[in-house]
Each structure stands twice: as C-alpha cells, then as structure tokens.
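# Fold and contact review
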Amino acid sequence: MRPYTELDASALREEVAAGHRSAVQTVEECFARIDALDAQLGVFLSTERALARSRAAQIDAQLARGEPAGPLCGVPVALKANMCLEGFEANCGSRMLAGWRAPYSATFAQRLLDAGAIPVGMTNMDEFAMGSSSENSAFHVSRNPWSREHTPGGSSSGSAVAVAAGLVPLAFGSDTGGSVRQPAALCGIHGFKPSWGRVSRYGLIAFGSSLDQVSPFARSTRDLELAMGVISGRDERDATCMDENALQPIVPDDERSLAGVSIGVPREYLPDSDTGEVAQCVRAALESLRALGAELREISLPHTAYAIPTYYVIATAEASSNLARYDGVRYGLRVEGSGSLQSMFAATRGAGFGAEVKRRILLGTYVLSEGYHDEWYGRALKVRTLVARDFEQAFEEVDLVAGPTSPTTAFRLGERAADPVAMYQADVLTVPASLAGLPAISTPCGFGAGTPRLPIGLQLVGPARSDARVLRVARAFEAATAHSKERPPLALEPAR
Ligand code: GLN
C-alpha cells in the first residue's frame, strides 16, 4: 500500500474503489497526518472526526455490498470555513460566527458527499475571505509549509496548506479576487478559479457575489478536473449558475503537445524591465510552453492598472450589503447594548467584526451612498467592463493569457499586516480575471532565488467558459515539467 501522502485524489480513489485500502484506514491516515503537523501549520479551525469516521465506515459498507464507487470515493477533503456543510462549523474566520454550525449543505458540498468524498474539517481563512495572508483570521494564522515564517497567502489559507503539506489531497477555497490562485502559487500547488457561474454559490457564504466562486486546490491537474466534474453544473438554487452539464475534460491524443495553441503574454503582467525572481521563473515556464508547441505572443491588457481600485470598490460595495445580515438577530454573536435595538446592532457588529472587515463595510457603504453612488460604484462598473473588454480583444488573437499569479513569492507573516494597500497589491495579477469572470489557474512553475526555497505560480487565464481548455494546457505543462512533483520538506516526514 502506498503511503497516503504520496497519492493524489485520483490515485487514492482508485485504491479505495479497488479495495486496496479502506475508507476508514484512509481517514485514519489523514487524522494522523493532521495530528503530526497541524499544530505547526494552523490549517484547521475545526475537524469533525466522528462524522468523518462514520462516513468512511458507510462507504466501506457500500463497497462491500458491491455498490458502485463514486468519483471521489474515500477521498478526505477539507473545506474553507465559509462553506456550509450540515453539522460543520462555518465561522468564516470571524468572531461573529464562532460556533455557528451550518443547518444545511451547500450544493457543491452535497455533490462532494454524493461522490463519496469525506469532509474532515473546516480550514482557516482571512475573516469573511478578506485578505491575502491569513492574518485577518480572528483565530490564528496559517503558516507556509515551505517556511513557517512566511504566509501561505490568503484568504483560503488553510485549504492551501492542507493540500501542500499532504494533510488532504483535495481542498476547497473560494476565489473572489485571487483567494485560491494566490495561496496556490505561494504554497506550490494547483488552484483553479472556474468561470464565474460554473459552480453553484448556494451555501457559499457571500462576500462579493458577482465575483465569488468555489475553487479547488490539488496536487495534480487531473485532480482539479476530477473535482470540477463533481461540483460543476446547473443548480436550481442558484439562478446565476450555468445551464450546462459538468465540464468535460479535453483529452487530447498527445497530452503534452500544445501545437496550435496561442498564448498571449500581457506586457502589463510581465514587463521586459522586470528582472525579478518571479518574472525570470515565469519566463522560463513560458519557454517550456513554447517547447511544447505553443505560440507565444506579446499582448496588452491596457486597463490592468485600474483593476485593483475597481475591485476594491465593487467587492466592498457587495460586501457591505452581504454582511448587513450579521446584526445579532439571526446568526451567531449577539452583544446587548444599552437597551435599544440600534445599540444592540452596533455592539454586536463592533465586537464581532475585525478591523479589515469593518474597513471594507465602511468603504462599501460609502461608495453606495446617496450622492456618491454614481461617482464611485457606477464608475467602477464601467471600468469593470473595460477590463473585461481588454480580455475579449486579447482572446480574438490568442487562446489563453499567461503570466505570474503573484508579483512576489510568499512574504513574511507580519510584513504587510499593518499596510492594507501593500496587502491589496498581492492581488494585482489575479483581480483582472476575477472582474471579467474568467477561468484561471495557478500552476506550480518553480522557485524563487533565495533561501528558504519559496514556490512560484504560473497563471493561465482563458475566455469565459473555456475552463476545460485552461486545465488542458496546465496539464500539458505539468506533464512536461517536474515542478508539480516538488513537496515541502515537512511533507516528507512520515505521519506519527
Ligand atoms: N485578497 C483579496 C481580498 O482581500 C481577494 C479575496 C478573495 O478572493 N476572497 O479581497
């Protein structure tokens, strides 16, 4: 039996389905790994071992009866704490929802259960998915498995570390402006943001509804395809969800060939003048794509510089409205004020939300307020259209756009915590595709020049609904290079 940590979800599923290992054994290996590493890494906000064990036993019993094995049969998975899964604590990394257990399951989570996956716990995150480092979690930070002094990125921090450190082969985050792609890049794993509307948002606790997407992390692109095949598709509970069946992977005759694929490299993402470690590493990755037959072309996405300010108007506007529901009445925390309902609202929100969440509610309320709405929110929507048009024009010429996922490797915990604008810059290369609703992947492409060795991600962005194409190109890159096989040093320690 191959050790748990060496198997991706696809391989693990095969072993369970074939009876080479039981689901019960598999979750025990997962828990042993969590026990060995989680105290150092800060991955989980809660685990639900009894639920996971009984589910595993149920799967083993089904297999013993000869029932068909689901596509994720016996695979332990971790979910970000802003996802509803009945009986699990979905606290969103916030004091506001500490102890709040979801009374129902998100559509995508129910599909995971139906496919035989075994959720083991809820992962740490920046509060309400606002942040890029895990430092906005109300509970604790998460640490990068490549260097514990460094951030794993955010806001889906725990889910990224869970996969990178081999605690689970597959985990889910939410990507609004980059919260899956950026931590995937910083932790050296794959993270895929589907086209907006590919995966139902029912049961994903809302931050910026026009941007949020459930997004998987994995150690192989085939696992991303596997996960997407399970969670994608129409849902009558989310009217914005695509009326399309699960995404069909493109399986070419020659998996490695990229002949006939044209890839645009935006000069705004990778200027010639940039000789930094990330730019150099990504240029080498682009050369690998060329060697596989892809044609590279320099393109321009001229509104790139406006993406961050536009995002921080639109996302905060949506957040201010979405977070209005936490008022001490219906969910979670309630702090009595001086007797009036108004003072109870104020006391609850004052105590329940952290500084970054408050900052965004204030900003969002301002940009939507009478007299400022057109000037701020209305204008941001127009610029959002311009950012989307940049991509549309590019995709008249090229099949995909490529560049770095993050402008830097992982930064040190503490380094940007006091400077929100520096923190927001972490998203400069992921936010444009988010504003345009496009599918995008971050795939490992090497390491920075310094010590400790810190991973770098290559981002590939495709036209709307071209999810299968994005995954197919990432898969060719993965097959032709060794980057995805790299594991952080601690991931090689045997589970105790
Ligand atoms: N870091 C970005 C933010 O703070 C992105 C967050 C996300 O995608 N959820 O808004």
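Since we're looking at a predicted model, the values are computed, not measured. In every chain, residue numbers begin from 1 and rise along the written sequence. Totals for whole chains, interfaces and linings use every residue, but because this is a predicted model, local features are given only for residues with pLDDT of at least 70 and side-chain atom pairs only at 80 or more, for both listing and counting. No hydrogens and no water enter the side-chain calculation; it runs on all heavy atoms of the structure.

## Brief notes about the overall build of the chain
We count it as follows: A helix here means a DSSP run of H or I that spans at least four residues, while a strand means a run of E at least two residues long, and both kinds are numbered starting from the N terminus. We compute the radius of gyration over the C-alpha atoms and compare it with the globule rule, which gives 2.2 Å times the number of residues raised to the power 0.38. Three labels apply to residues, based on accessible area from a 1.4 Å probe with only protein chains included: buried if under 20% of the type maximum, exposed if over 50%, partly exposed otherwise in between.
Each helix and strand counted, the chain has 15 helices and 11 strands in total. A compact globule built from 496 residues would reach a C-alpha radius of gyration of about 23 Å, and the chain, at 21 Å, matches this within 12%. Considering only C-alpha atoms, the chain reaches an extent of 65 × 55 × 45 Å along its principal axes. Across the 496 residues in the chain, those meeting the buried criterion constitute 60%.

## Some words on the site of the ligand
For the record, the criterion: Near, as used in this document, describes a residue that has one of its heavy atoms within 4 Å of the molecule or strand being considered. Contacts described as polar in this section are N or O atom pairs within 3.5 Å, which, within protein, must combine one atom able to donate a hydrogen with one able to accept it, while residues neighboring in sequence count only if both atoms come from side chains. Throughout, the Shrake-Rupley method with a 1.4 Å probe supplies accessible areas, and for residues the shown protein chains are the sole cover considered. Note that Gly is not counted as nonpolar here; it falls among the polar residues with everything else outside the nonpolar set of Ala, Val, Leu, Ile, Met, Phe, Trp, Tyr, Cys and Pro and the charged set of Asp, Glu, Lys and Arg.
Looking at the ligand, there are 15 residues lining it, with Thr-176, Gly-177, Ser-179, Tyr-311 and Arg-360 nearest. A distance of 2.8 Å is found between a nitrogen atom of the ligand and a side-chain nitrogen or oxygen belonging to Ser-132. Here Gly-178 contributes a backbone N or O atom positioned 3.2 Å from an oxygen atom of the ligand. Burial of the ligand by the protein chains amounts to 100% of its free accessible area of 290 Å². When the residues that make up the shell around the ligand are grouped by side-chain class, the tally is 5 nonpolar, 7 polar and 3 charged.

## Regarding the packing of helix 2 (residues 23-41) against helix 3 (residues 49-64)
Using the following cut-off: Each axis is a line fitted through C-alpha atoms, and for a helix only the stretch in contact is used; angles between axes span 0 to 180 degrees, taken between their N-to-C directions. When describing relative orientation, an angle under 35 degrees is termed roughly parallel and one over 145 degrees roughly antiparallel, while 65 to 115 degrees is termed roughly perpendicular and anything else oblique. Whether two residues are in contact is decided by their heavy atoms: any pair within 4.5 Å suffices.
Taken N-terminus to C-terminus, the directions of helix 2 and helix 3 make an angle of 155°; their axes are 7 Å apart at the nearest point. Relative to helix 3, the element helix 2 lies roughly antiparallel. Contacts from Ala-23, Val-24, Val-27, Glu-28, Phe-31, Ile-34 and Asp-35 in helix 2 reach Arg-49, Ala-52, Arg-53, Ala-56, Ala-57, Ile-59 and Asp-60 in helix 3. Here the contact of helix 2 with helix 3 is composed, by residue class, of 9 nonpolar, no polar and 5 charged.

## What to know about the nonpolar core
Looking at soluble globular proteins, one finds that nonpolar side chains tend to be buried together. In plain terms, the rule: Residue types Ala, Val, Leu, Ile, Met, Phe, Trp, Tyr and Cys, when buried and joined through side-chain atoms within 4.5 Å, form a set referred to as a nonpolar core.
Ranked by internal contacts, the top residues of the largest apolar core, which has 110 residues, are Leu-79, Phe-108, Phe-128, Phe-172, Leu-289, Phe-391 and Leu-458. When residues in this core are grouped by element, the largest group, 9 residues, is from helix 9 (residues 307-322). The residues touching Leu-289, leaving out its near neighbours within four places in the chain, are Leu-258, Ile-263, Ala-294, Leu-458, Leu-460, Val-473 and Phe-477. One finds Leu-7, Leu-37, Phe-44 and Val-163 within the second-largest nonpolar core, a separate group that totals 37 residues.

## Digging into the pattern of salt bridges
Threshold: Basic side-chain nitrogens of Lys or Arg form a salt bridge, by our definition, when they fall within 4 Å of a carboxyl oxygen of Asp or Glu.
According to the stated counting rule, one finds 22 salt bridges in the structure shown. Note that Glu-28 is salt-bridged to Arg-53, the shortest N-O span being 2.6 Å. Remark: Arg-53 occurs in helix 3 and Glu-28 occurs in helix 2; sequence separation between them is 25 residues. A residue is classified by how much of its surface remains accessible, and Glu-28, at 31% relative accessible area, is partly exposed. We note a salt bridge from Arg-65 to Glu-67, for which the minimum N-O separation is 2.8 Å. When salt bridges with common partners are traced through the structure, they connect Glu-15, Arg-21 and Glu-29 into a single cluster.

## Brief notes about the pairing of strand 8 (residues 295-299)
To keep things clear, this is the line we draw: Strands are labelled as partners when DSSP assigns at least two bridges between them. Looking down the strands as they point away from the viewer, one classifies a crossover as right-handed if the path from the first strand across the helix to the second runs clockwise.
As judged from the 5 bridges shared by strand 7 (residues 262-266) and strand 8, these two strands associate in the parallel manner. Among the inter-strand pairings, Ser-262 is bridged to a residue of strand 8, identified as Glu-295. Crossover handedness for the path strand 7 to helix 8 (residues 277-291) to strand 8: right-handed.

## Let's talk about a nonpolar patch on the surface
As a reminder of what qualifies: Only residues whose relative accessible area exceeds 30% and that form no salt bridge enter a patch; like-charged residues are grouped when within 9 Å of one another, and nonpolar side chains (Val, Leu, Ile, Met, Phe, Trp, Tyr) when within 5 Å.
On the surface, a cluster of nonpolar side chains totalling about 300 Å² of accessible area is made up of Tyr-366, Tyr-372 and Trp-376. Within the element layout of this structure, Tyr-366 appears in helix 11 (residues 355-367).

## A short note on helix 8
Which entries qualify depends on this criterion: Expected span of a helix, by definition, is 1.5 Å for each gap between consecutive residues, and there is one gap fewer than residues.
Compared with an ideal rise of 1.5 Å per residue, which puts 15 residues at 21 Å, helix 8 spans 21 Å between its outermost C-alpha atoms and is within 8% of the ideal. Tucked into the core, helix 8 has its buried residues touching strand 7, strand 8, strand 9 (400-404), strand 10 (440-447), strand 11 (455-461) and helix 15 (467-480). One or two positions beyond helix 8, positive phi appears at Gly-293, with a value near 115°.

## With respect to the state of the cysteines
Quick note on the threshold: Here, two cysteine sulfur atoms that lie within 2.5 Å of each other are counted as a disulfide.
Applying the stated criterion to the full structure yields 0 disulfides. The closest cysteine sulfur to the non-disulfide-bonded Cys-241 is located on Cys-84, 16 Å from its own sulfur. A relative accessible area of 8% means that Cys-241 is categorised as buried.

## Some details on unusual backbone geometry
Omega for the bond connecting Gly-154 with Ser-155 falls within 30 degrees of zero, at 10°, which places this linkage in the cis form. Residue placement: Ser-155 occurs in the loop between strand 3 (118-123) and helix 5 (157-164). In this model, Thr-451 is joined to Pro-452 through a cis peptide bond whose omega is -5°. Structurally, Pro-452 can be placed in the loop between strand 10 and strand 11. In this structure, Ala-129 is a non-glycine residue whose phi angle is positive, near 70°. One non-glycine residue, Arg-465, lies in the positive phi region at around 70°. Within the element layout of this structure, Arg-465 appears in the loop between strand 11 and helix 15.

## Some points on the sheet that holds strand 10
Reading across from one edge, 1-3-2-4-6-5-10-11-9-7-8 is the order of the 11 strands in this open sheet, with mixed pairing throughout. Lying at the two open borders of the sheet, with one neighbouring strand each, are strand 1 (44-47) and strand 8. Averaged over all pairs of adjacent strands, the angle between strand axes in this sheet comes to 30°, irrespective of strand direction. Pairing of strand 9 with strand 11, which is carried by 4 bridges, proceeds in the antiparallel orientation.

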